[in-house]
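An overview of the molecular structure
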Amino acid sequence: MKTIFVKSNFILAIMFYLSSAASAHTVSGVLKLEDESPATGASVYITSAIDSTIVKASVVDENGKFTLEDIGAGEYLLHAALIGYTPFENKISVVGDIEVEKINLVPSANQLNEVTIKYKKPLIERDRDKIVVNVENSILAAGNSAWEVLGSSPGITATNSDQLSLKGRQGVNVWVNGKPLQLSGSDLANYLKSLPASALSKVEIISNPAARYDASGTSGIINLVMIKDKKIGTNGSISLSYGQGQLPKSVNSISLNHRNAKFNIYGMYNLTYRANFNKLLLYRKFYDKGVFTGAYDQDNDLTIARFNNMARIGVDFTLSDKMDLGILINGNLSKFNPNGLNKTTIVNAEGIPASKFTTQNDSHDLWHDMGGNIHYGYRITKDQNLTVDLDYAPFGNTTEQTFTTHSYDLTGIELGIPYILYGDLQGGLDIYSAKTDYSSQYKNGLKLEFGGKTSYVKADNDIKFFDKSTETAVFDSTKSNHFIYKENINALYANASGQFGKWVIQAGLRMENTNIDGEQKVNNTSFDKNYTNLFPSALAAYTFSDRNEWSFSVSRRIDRPSYGQLNPFKFFLDPTTYREGNPYLDPQTSWNFELTHTFLQKFSTTFGYSKTLDNITQVIGPVEGLERITVQTDKNLASFDYYGITLYMPFTFFKIWQSINSVNLYYGHYKGNLINTQLSNGNVAFNWNSKNIFQLKKDYSIELSGNYRSREIYGYMDVQPIASLSIGAQKQILNKKGTLKFAFTDIFYSELTTATTEFTDYIEKFKVGRDSRVATLSFTYRFGNNNVGQLGRRQGGAQDEKQRAAG
């Protein structure tokens, strides 16, 4: 039934996509001032009469004429705005091409009044080089975390095993306000799960970044843009939420902002409590040259109660007409206490249970980070700009772990004394970076960009394990480690872009030099790596008509291992299972190609191919040389080939229903040889994501969201299909200054991951679930001045270069 539902929606979406050309119309007219002179440069735009979403915008030409094309049939509001004049608004019905009567703008009573724009952005927007998810517009973001928002965004998969992928490909990098997070795996997932969605303005999904971006991220970049208020005067908001799944959750925040023509100071504080669980069922079979020797039947319950405090304060100064300065300080303090119980039945070679053991995990974690950014912007001329950014970010964590293991026979009689393993983990990370960017815009449409960046990172992690099974604690050197890692990356780039007639051209080249030193003090081993790479990128787009545009992009990318992936520490689930970093992991590199057709400036079809070498893949398998010990780590496969088609399809039905759909159909093929197992495997898979917004009367709206991910081969892992359905409702109250939201995620509790991993002489099957079915009620109140600054006003040089976080 689930498959029929997905296929029928997919076919319906394609039919609408192919038939929608017949519903495109043109709205044109003349806009003049009170003295009948042309209102040259005025903004004209159409918004939906249902929910105020902007549909099309244009600028009045030197004759006072404007044209808005490719407008679907329906009810709209036509707007015209020019500084110093009273904004114009009128309702229109579009059933064919129409020409509106002449419009005359009337001077406002106070020509210095700010222009207030009353439209809201659509939930999802498609640009040439990226997809933008406007999180502030999403009902289902209420009370959720950034991790959950990403998991419901087009083309992004966020798994229960803390893995992120974009369009079915691993190697995606997550940025915050234009700066990369130095995290991956569970470290990245922990950060995103502690970041409330209410702190996000939007998510930018960039599958083929230009040369001005860091070259890291073989499948692209996900850029999280934090909320920053642009309103003149003093304003702010308070947000409260409570969610209940099997365990409670609460996300609360307050933000304040004061802005005038020369000065802007802003601050935010978030307090989050999220209690979650992981239910993991494992069945592991062990063989010797194909002969079954035994198995572990395991039931793992892990509960994590997380308190998170996040704060930031920033100030922007307009020093002169040419100079601006921005300063930002942010901090994060996260405390969580994982508690788990593992129950294992040991099965003998005859397939009969032989004995049992249990492991109790009692851990206490404290993670903290701070960051500082200084941004300087200088407008050399009106067409030339120079920016400089300086960053420093220290991070640290302290973890205490106690694992107590009891062994029993089948009658429940304990065998021997309990094995108590105690771990003391101390970690630190310091990041320094400096970058500068220069851009110059020419009258012929050409734009040139140059820049450079240097960064230095030092990570110092010391972990000590002790056997406390007896009164005297014994240091365990086989599990302990002290790892020091140093990394320096230097980069230069040049990029040229411009619009020439119907062509848009962009081409760039980035060079990055990487220098790495690593040292393991426990066993006195060290390594170093030095390499320099070139990363070209290019995009060409041609507009055949107002309805059809084709674009082609190509780029070479690199994905360096994160500090967590390199850190050789052992994190135990029980005495037979642990997670460990790989200090000898190589970076993966890829060539990415995309051909995109855009129809009516909103529907798009993208054909993609990529070739990745030394593909970094998460592996769960037996430890060579040890009996019945399993490790989760990352290793390099030889290659990964990806072929994909992505459809992006937004529709409007019956005036009140907006449906935003994305489908990604792809084939991925892995090659490599790990743990004595040759791999050459892949399959055809697809992801489907649909968001539906119903705008009702009296400020009510409903949002229904569903996604489906088919069976997928990921390296040595065979992952079964997964689906979910969520619903939310919203009501504007208190004269539209308050918003009340209700969200119910994963209604049928179907976000359960089931997979099988197979190596030579080892097979593992697992099923994992989390606290994903949650009902959340949230309230947001906005206070202060709601006027937006003048159109075209500078938005602050530090806005996109603000926050960096890692752990």
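Residues numbered from 1 in each chain as written. Predicted model: local features only at pLDDT ≥ 70, side-chain atom pairs only at ≥ 80, totals over all residues. Heavy atoms only, no water.

1. Digging into the overall build of the protein
Along its length, the protein carries 4 helices and 46 strands. By residue count, 52% of the 807 residues in the protein fall in the buried class. Put simply, 66% of the contacts in the protein that link residues at least 6 apart link residues at least 24 apart. In the form shown here, the protein has an accessible surface area of approximately 34,900 Å², with 58% of it arising from carbon and sulfur atoms. (Helix = DSSP H or I, 4+ residues; strand = E, 2+ residues; numbered from the N terminus. Buried < 20%, exposed > 50% of the residue type's maximum accessible area, 1.4 Å probe, protein only. Contact = heavy atoms within 4.5 Å. Areas by Shrake-Rupley, 256 points an atom, 1.4 Å probe, with all protein chains shown as cover.)

2. Overview of the nonpolar core
One finds Leu429, Ile431, Tyr485, Phe572 and Tyr578 to be the most contacted residues of the largest nonpolar core, which totals 29 residues. Where this core is concerned, the elements lending two or more residues are β24 (384–408), β25 (419–441), β26 (446–467), β28 (481–500), β30 (525–543) and α4 (563–566). Excluding anything up to four places from it in sequence, Tyr485 contacts Val457, Lys458, Ala459, Ile516, Asp517, Tyr563 and Leu566. Residues Val135, Val174, Leu195 and Met310 belong to the second largest nonpolar core, which totals 25 residues. (Core = buried A, V, L, I, M, F, W, Y, C linked by side-chain atoms within 4.5 Å.)

3. Some remarks on the packing of aromatic side chains
A complete count under the given rule lists 34 aromatic pairs for this structure. For the ring pair Tyr432 and Tyr456, a centre distance of 6.3 Å and an interplane angle of 35 degrees mean the geometry is tilted. Linking Tyr432 in strand β25 with Tyr456 in strand β26, this pair joins segments that are 24 residues apart in sequence. One Lys or Arg, Lys468, reaches over the ring of Tyr422 and ends 3.9 Å from the middle of that ring. Positioned above the aromatic ring of Phe571 is the side chain of Arg579, whose terminal nitrogen or guanidinium carbon lies 4.8 Å from the ring centre. (Phe/Tyr/Trp six-rings, centres within 6.5 Å; stacked < 30°, edge-to-face > 60°. Lys NZ or Arg CZ within 6 Å of the ring centre and 35° of its normal.)

4. Some points on the pattern of salt bridges
Applying the stated criterion across every chain yields a total of 18 salt bridges. The residue Arg284 makes a salt bridge to Glu764 at a minimum N-O spacing of 3.0 Å. A residue pair is termed long-range when its members are at least 10 positions apart, and Arg284 in strand β19 (residues 263–288) and Glu764 in strand β45 (residues 762–770) qualify at 480 residues. Just as Arg284 is buried, Glu764 falls in that class too. Each of Lys279, Asp299 and Asp301 takes part in one network of salt bridges that share partners. (Salt bridge = Lys/Arg side-chain N within 4 Å of Asp/Glu carboxyl O.)

5. Regarding the environment of Lys382
Examined against the element boundaries, Lys382 turns out to sit in the loop between β23 (353–381) and β24. Taking the C-alpha atoms as reference points, Lys382 and Ser440, 58 residues apart in sequence, are found 9.1 Å from one another.

6. As for the side chain of Lys435
By the secondary structure assignment, Lys435 is in strand β25. Here the side chain of Lys435 touches Asp437 through a polar contact of 2.5 Å, side chain to side chain. (Polar contact = N/O pair within 3.5 Å; in protein donor to acceptor, adjacent residues only side chain to side chain.)

7. What to know about the pairing of strand β2 (residues 43–48)
Strand residues, when the strand is regular, have side chains that alternate between the two faces of the sheet. Among the 6 residues of β2, 5 are classified as buried, and the element is accordingly described as predominantly covered. With 6 bridges connecting them, β2 and strand β5 (residues 74–81) associate as antiparallel partners. Paired with Thr47 across the strands is Leu77, a residue of β5. (Pairing = 2+ DSSP bridges.)

8. As for a nonpolar patch on the surface
A cluster of nonpolar side chains, Phe544, Trp550, Phe552, Trp591, Phe593, Leu595, Phe607, Ile645, Leu665 and Val684, forms an exposed patch at the surface whose accessible area comes to about 890 Å². Among the secondary structure elements, those contributing two or more residues to the nonpolar patch are β31 (548–559) and β34 (588–599). Among the elements that make up the nonpolar patch, the one with the highest residue count is β34 (3 residues). Note on placement: Trp550 falls in strand β31. Of the residues examined, Trp550 reaches a relative accessible area of 34% and is grouped as partly exposed. (Patch = residues over 30% accessible without salt bridge, like charges linked within 9 Å, V, L, I, M, F, W, Y side chains within 5 Å.)

9. So, the environment of Tyr283
On the secondary structure map, Tyr283 appears in strand β19. Distance in space between the C-alpha atoms of Tyr283 and Lys767 is 9.4 Å, their sequence separation being 484 residues.

10. A short note on the pairing of strand β32 (residues 570–574)
Across 4 bridges, the pairing between β32 and strand β33 (residues 577–580) is antiparallel. What sits directly across from Phe572, in β33, is Tyr578. Here β32 folds back onto β33, and the loop between the two strands holds 2 residues.

11. With respect to unusual backbone geometry
Its identity as a non-glycine residue notwithstanding, Glu36 has a phi of 70 degrees, on the positive side. Of note, Glu36 is situated in the loop between β1 (24–32) and β2. We note that Lys289 has phi near 55 degrees; this positive angle belongs to a residue other than glycine. Relative to the helices and strands, Lys289 is located in the loop between β19 and β20 (291–318). What makes Lys289 exposed here is its relative accessible area of 78%.

12. A look at the confidence of the model for the protein
Confidence along the protein averages 83 in pLDDT terms, with 84% of residues attaining 70 or more. Predicted confidence for residues 110–119 stays below pLDDT 50, and this span has 19 contacts to residues more than four positions away or in other chains. This model gives residues 787–807 a pLDDT under 50, and the stretch forms 81 contacts once residues within four places in sequence are excluded. (pLDDT = per-residue confidence, 0-100.)

13. Overview of the environment of Pro561
Looking at where Pro561 falls in the secondary structure, it is placed in the loop between β31 and α4. Owing to a relative accessible area of 9%, Pro561 belongs among the buried residues under this scheme. Residues Pro561 and Asp586 lie 25 residues apart in sequence; the distance between their C-alpha atoms is 7.0 Å. Setting aside residues no more than four positions away along its own chain, Pro561 makes contact with Leu566, Leu585, Asp586, Pro587 and Ile616.

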